[in-house]
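# Results of the structural survey
One-letter residues, chain by chain:
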Amino acid sequence: DDDIFSSAFCENSEKLINVHLFALAAKNYSLSNLGVCTPLEDVLEALKGDSEGATDIKVDEFMNSKKSHEVQVMSELVDSIANYCGIKQVIDIGSGKGYLSSFLSMRYNLKVYGIDSSSSNTDGAHERNRKLKKHWRAYQSRGKENLESQSLEKANDRPVESEINCKPISEQLLNNASSLQNQGQVIMQDLVTSVTEMTTPEINTETEADLVTGTPPHETKLSEEVLAILNVLPADAVENFSSSHYNSGELCEEEIVQRKMTSLKTKARKSSEWNLYFPLTSHITAETELSDIITDLEDCVMVGLHTCGDLAANTLRIFTAKPEIKAVCSVGCCYHLLSEQFENQEECHDQVWGFPMCQYLKDKGWCCGRNARMSACLALERVAVGQMLPTESLFYRAVLQVIIEEIYGVTKSDRHVGKTFSKSSSFVDYVRRSLKKLELDDSKLPDHCIMDYYEKYKHRMNEVEAFNMLKVVLAPCVEVLILLDRLCYLKEQENIAWSGLVKLFDPVKSPRCYAVIALKNQSC
C-alpha cells in the first residue's frame, strides 16, 4: 500500500501524477478494507439479547427516513448491550431532540436520561415528550396491530401444499388467541381473588383518588405478568363508576373489586407513560460528575448518536472513568470541530483534547489539521451514487475567501458564513450576506468589484471541483485515523473486556456510520 501511494506522486516535484493509484491507495486505507471492524451481525449474535417485551413502533411516522434508519439500528444494538449487561438505565449524551432516547424508552422499556447542552434542544425534547405521552397508547395499540399483522403475513408466506393446509394454521392462530384470552381471564380471576382477600374495612373507606394515587402500606406488588394483561385490556373492560357510586358506606364487595381493578389498570397505564425518557440540560466535559446531574444514577449504558466534535472523545473518557457505566456505544460526527493537542505550538497542559486520545499517537505528536478534519466530514459513498458535491457553493466560498483576505486583510475569523448560499439570489448577494455575518463593512465594496472577482476566477471552477473530489477520496483515510485513535485508547484501558468498531448504518443514508463500542470487565 505504501508503494502504491508513493507511486501516485512524482519523486522530484511531489505532485500528484496518477489519480487512479491515489484513489486505489486511499481505498485500501479505508475502514471497510483494513479488516479492523466487527460486523454488526456478529456483535448482535454474541450479545443475543431478548427483546420479547419490546413494543413494535413505526418510527418513520414521527422522524425522517435518515433519522428513522439510525434510531432503529442503534436502538436494537443498545438494547442488546443493556440486556447482556443486565441493566435498564441508559444515558444518551448529546441527545438533541430525543429521537433515540424516546425510542429506546418506548420500544425497549428502558429508563433513559437524555443530556444535551442546548436548552432549546431540551425544550424541544420536552415538547416532543409531551406529545408522545399524549399519543403513547395509540402507538402501543398500533404496534400490537403491526405485530399481529406481521405474524399473519409470516404464516401466509410459508410454503403450503394446498389451501386445505392453510386452514389449520389460521385455526391454530385463532385457538392461540382464544387460549391467550382464556389465560388472561384466569389471571384476572386470580387477581380478583387476591384483591378480595386483601380488602379490609380500612380499604373500603378510601376515596377513588386514594386508590389511584396512593400506595397503602399493606398493598402487595403486582406481578409483571398481571400488569401486562391489565395494560392490553380494552378501555371498557373495567367499568368506571360515577362519583355517586362511591359512598363508602354503601359499597358492595363487587363494587370494591371493580374499583380496585380500575385503579390497578390506571396504574399500569400510567407506568407505561412514565417510562418515557427524561431530557436534561447540561454541558458535558471529561470531568463531568454524572451523579450531580442524575440523582438516581445506577449501572447503565452510555450512548451517543452523532456526538459533535470533542463530545465523542469525552463520552469515551467518562465511560472509562465512571464505574457505574458498564458499556458504551458512541457514533461521532463533526470531526472539523475536534480540538487537537499538537495543532498549535502553545502548550496547554491542563487542556483535555479531542485528538489524539491514544498514547501511541500522543508519543508521535500526531496532528491532522483543520483541513484534513474538514475532509473527513465528506461523504464518499453519497458522491459514488451520484449525489455530487455542491461545486457552485464551494466555488462561491473560495472566491469569498480571496475577497476578505485581499480587501479586508482578514485571514482568520471565529465567525462562520453558514448556509448563506441557499439563501442567496446571486454571487453579489452571497458576498454581501456573508460579509454581514462576518461583521465586515460591505459598503466599501461595490457590486462591480465583487463581480470582477467572480469573472477572474470563474474559469477555475473545474479545478475547485477536482480538488474537492480528491478530498472526498481521501476522507475515509482521515476518518480511519480518528476512529482508530479512539479504539486504541479503549484498548489501552485495563478495565475494558472488549472494544471494537462496528459499521451500524448505511453510509449513503448516514455517512457517519461507525460506532465505537466497549464493554467493561464484569468485576469493574
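Description of the structure in this document. (Residues numbered from 1 in each chain as written. Predicted model: local features only at pLDDT ≥ 70, side-chain atom pairs only at ≥ 80, totals over all residues. Heavy atoms only, no water.)

## What about the environment of S80?
With respect to the helices and strands, the residue S80 is situated in helix 5 (residues 65-85). S80 sits in the buried class, given a relative accessible area of 8%. The spatial distance from the C-alpha of S80 to the C-alpha of V43 is 9.2 Å, given a sequence separation of 37 residues. (Helix = DSSP H or I, 4+ residues; strand = E, 2+ residues; numbered from the N terminus. Buried < 20%, exposed > 50% of the residue type's maximum accessible area, 1.4 Å probe, protein only.)

## Topic: the side chain of S75
Along the chain, S75 falls in helix 5. On the accessibility criterion, S75 (0% relative accessible area) is buried. A distance of 2.7 Å separates the side chain of S75 from the backbone oxygen of V71, its partner in a polar contact. A distance of 3.1 Å separates a polar side-chain atom of S75 from the backbone oxygen of Q72. Beyond its immediate stretch of four places on either side in the chain, S75 contacts L100, F103, L104 and Y108. (Polar contact = N/O pair within 3.5 Å; in protein donor to acceptor, adjacent residues only side chain to side chain. Contact = heavy atoms within 4.5 Å.)

## So, the nonpolar core
In terms of nonpolar packing, the biggest core is built from 72 residues, with M74, L77, I81, I91 and L504 touching the most fellow members. If we skip the residues at most four places from it in the chain, M74 touches L100, V303, G304, L305, C329, V331, L504 and F505. Judged by nonpolar contacts, the second largest core, of 22 residues, contains F395, Y396, L440 and C449. (Core = buried A, V, L, I, M, F, W, Y, C linked by side-chain atoms within 4.5 Å.)

## Some points on helix 18 (residues 391-406)
The end-to-end C-alpha separation of helix 18 is 23 Å, in line with the 22 Å expected for 16 residues at 1.5 Å each. For helix 18, the full list of buried residues reads T391, S393, F395, Y396, V399, L400, I403 and I404. Where the residues of helix 18 are buried, they touch helix 19 (427-437), helix 20 (447-457) and helix 21 (461-491). (Expected span 1.5 Å × (residues − 1).)

## Here's the deal with the pattern of salt bridges
Tallied over the full model, the rule gives 14 salt bridges. The closest approach of N and O atoms between R432 and D447, which form a salt bridge, is 2.6 Å. Here R432 is found in helix 19, whereas its partner D447 is found in helix 20, with 15 residues between them in sequence. According to the relative accessible area criterion, R432 is buried, its value standing at 19%. Residues joined by salt bridges that share partners form a network here, namely K66, K67 and E70. (Salt bridge = Lys/Arg side-chain N within 4 Å of Asp/Glu carboxyl O.)

## A closer look at the sheet that holds strand 3 (residues 278-281)
Backbone-to-backbone hydrogen bonds pair the strands of a sheet. The strands run either parallel or antiparallel. With mixed pairing, the 7 strands of this open sheet are ordered in space as 3-2-1-4-5-7-6. Both outer strands of the open sheet, strand 3 and strand 6 (496-503), are each paired with one neighbouring strand and no more. Shown here is a sheet whose adjacent strand axes are inclined to one another by a mean of 15°, direction ignored. Of the pairings in the sheet, the one linking strand 1 (residues 89-93) to strand 2 (residues 111-116) comprises 5 bridges and is parallel in character. The partner of V90 across the bridge, within strand 2, is V112. Across the face of the sheet, helix 21 comes into contact with strand 5 (325-333), strand 6 and strand 7 (514-520) while running at roughly 165° to strand 6. (Pairing = 2+ DSSP bridges. Axes fitted to C-alpha atoms, helices over the stretch in contact; angles between N-to-C directions.)

## Concerning the pairing of strand 1
Among the 5 residues in strand 1, 5 count as buried, and that is most of the element. As for the winding sense of the linkage, the β-α-β connection from strand 1 through helix 6 (residues 99-108) to strand 2 is right-handed. Direction of pairing for strand 1 relative to strand 4 (residues 300-308): parallel, over a ladder of 4 bridges. What sits directly across from I91, in strand 4, is M302. (Right-handed = clockwise from strand over helix to strand, strands pointing away.)

## Observations concerning the packing of aromatic side chains
Considering all chains together, one arrives at 10 aromatic pairs under this definition. For the ring pair F395 and Y454, a centre distance of 5.8 Å and an interplane angle of 75° mean the geometry is edge-to-face. Here Y454 lies in helix 20 and F395 lies in helix 18, a separation of 59 residues in the sequence. Within the aromatic cluster, the residues linked to one another by ring pairs are F395, Y396, F421, F427, Y430 and Y454. The cationic tip of R107 hangs over the ring face of Y108; the distance from NZ or CZ to the ring centre is 4.9 Å. If you follow K520 out to its NZ or CZ, it ends over the ring of F319, 5.0 Å from the centre. (Phe/Tyr/Trp six-rings, centres within 6.5 Å; stacked < 30°, edge-to-face > 60°. Lys NZ or Arg CZ within 6 Å of the ring centre and 35° of its normal.)

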